[in-house]
Amino acid sequence: MDKEKIYKLANDLLFIPSDDVVAITNELHSAIDLALEELASIDLSNVKPMSHINEKPIDFSLLRKDEVKLDYLIAKKDLLNNASNKDDNFVIMKKVI
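What counts and what doesn't
Residues numbered from 1 in each chain as written. Predicted model: local features only at pLDDT ≥ 70, side-chain atom pairs only at ≥ 80, totals over all residues. Heavy atoms only, no water. Helix = DSSP H or I, 4+ residues; strand = E, 2+ residues; numbered from the N terminus. Buried < 20%, exposed > 50% of the residue type's maximum accessible area, 1.4 Å probe, protein only. Areas by Shrake-Rupley, 256 points an atom, 1.4 Å probe, with all protein chains shown as cover. Lys, Arg positive; Asp, Glu negative; His and termini not counted. Charge placed at Lys NZ, Arg CZ, Asp CG, Glu CD. Salt bridge = Lys/Arg side-chain N within 4 Å of Asp/Glu carboxyl O. pLDDT = per-residue confidence, 0-100. Polar contact = N/O pair within 3.5 Å; in protein donor to acceptor, adjacent residues only side chain to side chain. Patch = residues over 30% accessible without salt bridge, like charges linked within 9 Å, V, L, I, M, F, W, Y side chains within 5 Å. Axes fitted to C-alpha atoms, helices over the stretch in contact; angles between N-to-C directions. Parallel < 35°, antiparallel > 145°, perpendicular 65-115°, else oblique. Left-handed = near helix turned anticlockwise from the far one by under 90°. Contact = heavy atoms within 4.5 Å. Nonpolar A, V, L, I, M, F, W, Y, C, P; charged D, E, K, R; others polar.

Looking at an unreviewed UniProt entry, the protein carries the name Glutamyl-tRNA amidotransferase, with the source organism given as Metamycoplasma cloacale.

Listed below in structure tokens is the structure:
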């Protein structure tokens with residue numbers, strides 16, 4: 001990655017990098033490229049692809065039982081009193097996508 005591309009990327013992110021930062025970024029990028037080239041040289045033809053990080057089946061008997069604790073139950077009236085934006089029955093939140 002050349003200096004102009006680093007400056008453009010920093011400008012797109014609304015940063016104004018110093019020359020030292022650009023030099024360090026260039027060195028780090030070169031080190032990452034070398035590491036990726038080293039990884040590309042590893043023969044993975046006999047390695048089975050993973051479908052999940054942990055392919056070991058889950059033993060559900062080792063999990064704790066779910067217990068309802070009414071001590072932690074919050075009354076609807078108290079919950080609505082603590083909400084900054086609400087109507088008569090519901091807390092109003094921003095839409096999250």
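This paragraph deals with the overall build of the protein. The helix and strand tally for the protein stands at 3 helices and 0 strands. Along the longest, intermediate and shortest principal axes, the C-alpha atoms of the protein span 60 × 45 × 20 Å. When burial is assessed residue by residue, the protein has 5% of its 97 residues classed as buried. Only carbon and sulfur atoms are counted for the fraction: they give 60% of the accessible area of the protein, which is about 10100 Å². On the protein, the mean spot of the 13 positive side-chain charges and the mean spot of the 18 negative ones are 13 Å from each other.

Moving on, we get to the pattern of salt bridges. Tallied over the entire structure, the rule returns 2 salt bridges. Close ionic contact of D12 with K8 constitutes a salt bridge, the shortest N to O distance being 3.1 Å. Remark: K8 and D12 occur in helix α1 (residues 3–12); sequence separation between them is 4 residues, near one turn of the helix. Across the pair R64 and D66 runs a salt bridge, and its minimum N-O distance is 3.6 Å. Each member of the pair, R64 as well as D66, carries the same accessibility label: exposed.

In the predicted model, the protein carries a mean pLDDT of 89, and the fraction of residues at 70 or more is 100%. No element of the protein has a lower mean pLDDT than α1, which averages 90, and none a higher one than helix α2 (residues 19–40), which averages 93.

If you trace the backbone, D59 turns up in the loop between α2 and α3 (76–82). Along the backbone, D59 and F15 are 44 residues apart, and their C-alpha atoms lie at a distance of 50 Å. For D59, the side chain forms a polar contact with the side chain of S61, separated by 2.7 Å.

A contiguous nonpolar surface patch, about 600 Å² in accessible area, is contributed by I32, L36, L39, I42, L44 and V47. With respect to the secondary-structure elements, I32 resides in helix α2.

At their nearest, the axes of α1 and α2 sit 10 Å apart, and the two run at 110° to each other. Classed by the angle they form, the pair α1 and α2 counts as roughly perpendicular. In terms of crossing hand, the pair formed by α1 and α2 is right-handed. Within the contact between the two elements, α1 uses K3, I6 and Y7 and α2 uses D19, V22, T25 and N26. For the contact of α1 with α2, the residue count by class is 3 nonpolar, 2 polar and 2 charged.

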